[in-house]
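Coordinate analysis (summary)
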Amino acid sequence: MQAKITVTETWLRKHRHLYDGATRHPFIRSIRDGNIDISAFKTWLGQDYIFVRAFVPFVASVLTKAYKGSDDGNGDVEVILGGVAALHDEISWFKKEAFKWGVQLSSIVPQKANQEYCRFLESLISPEVEYTVAAVAFWAIETIYQESFAHCLEDDSKTPPELKETCQRWGNESFGEYCNSLRNIVDRQLEKASDDVITKAEATLLRVLEHEVDFWNMSHRRT
Ligand SMILES: Cc1ncc(CNC=O)c(N)n1
């Protein structure tokens, strides 16, 4: 029997152009082609550290919603908890990496695109935002990084050796499997969601894609 087309699949087909814009951004292409401007990379590093700090309470709120969503026979909480644990490691990694590149994390001022993205995350923490909607944002945020950085690790890529570790962080296979688990969670939720929630979730996905593109733009254009 043919596997059923999932909601996320429908969305990704429908919004392919915007999705590719987020996962194949010029910033990512420049890493992959080996002509990245290191100052752009450092900008990204410092800004992303601030983003990740704001991402933690958002993910914690998704965890809370998964728990309260009660019918968690599917292990949603454990998958999300794995995400929280990975973020703990990631924050240490950012500190180490910043030191390596001479980026002073304590003096980084969040740029406008970053502030707006963080504010968007905060809005999703609200208990009024349904688990399904928040989970869609979470899945999309993680997956965009996974696909973007995995692209920089493909056989024909010319990613500079000193950036490989960064790309591995999100582009590795186990992060890919984790993203698939998130996608399954999301599709299972969407399967039983009301039309209203599905509409809101799709709009949220689009906003994540836009924020991600703006985030890459911020790193790419400024030095
Ligand atoms: C702007 C942005 N989007 C997604 C991620 C990946 N999630 C956690 O690390 C990230 N670090 N930064």
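A quick note: this is a predicted structure, and the numbers were derived from the prediction, not measured.

Around the ligand, the surrounding shell consists of Asp48, Phe51, Val52, Phe55, Glu90, Tyr117, Ile141, Glu142, Tyr145, Trp170, Glu212 and Phe215. Within the side chain of Asp48, an N or O atom sits 2.6 Å from a nitrogen atom of the ligand. Contact distances for the ligand include 2.4 Å between an oxygen atom and a side-chain N or O atom of Glu90. When the free accessible area of the ligand is taken as 310 Å², the share hidden by the protein chains comes to 100%. Of all the secondary structure elements, the ones that give two or more residues to the shell around the ligand are α4 (38–68), α7 (131–151) and α10 (195–221). Considering each element in turn, the shell around the ligand owes the most residues, four residues, to α4.

When helix α1 (residues 7–14) is considered as a whole, its buried residues turn out to be Val7, Thr8, Trp11 and Leu12. Buried positions in α1, seen along its axis, are confined to an arc of 130 degrees and lie on one side of it. Turned more than 90 degrees away from the buried face of α1 sit Arg13 and Lys14, all of them exposed.

The feature "active site" (unreviewed entry), as annotated in UniProt, sits at Glu212 in this numbering. The topology assignment puts Glu212 in helix α10. The contacts of Glu212, once residues within four sequence positions are left out, are Ala22, Tyr117, Ile141, Ile144 and Tyr145. Side-chain polar atoms of Glu212 contact the side chain of Tyr117, separated by 2.6 Å.

The rules behind each value
Residues numbered from 1 in each chain as written. Predicted model: local features only at pLDDT ≥ 70, side-chain atom pairs only at ≥ 80, totals over all residues. Heavy atoms only, no water. Near = heavy atom within 4 Å. Polar contact = N/O pair within 3.5 Å; in protein donor to acceptor, adjacent residues only side chain to side chain. Areas by Shrake-Rupley, 256 points an atom, 1.4 Å probe, with all protein chains shown as cover. Helix = DSSP H or I, 4+ residues; strand = E, 2+ residues; numbered from the N terminus. Buried < 20%, exposed > 50% of the residue type's maximum accessible area, 1.4 Å probe, protein only. Arc of directions from axis to C-beta. UniProt positions renumbered as here; feature names shortened; annotations may be inferred. Contact = heavy atoms within 4.5 Å.

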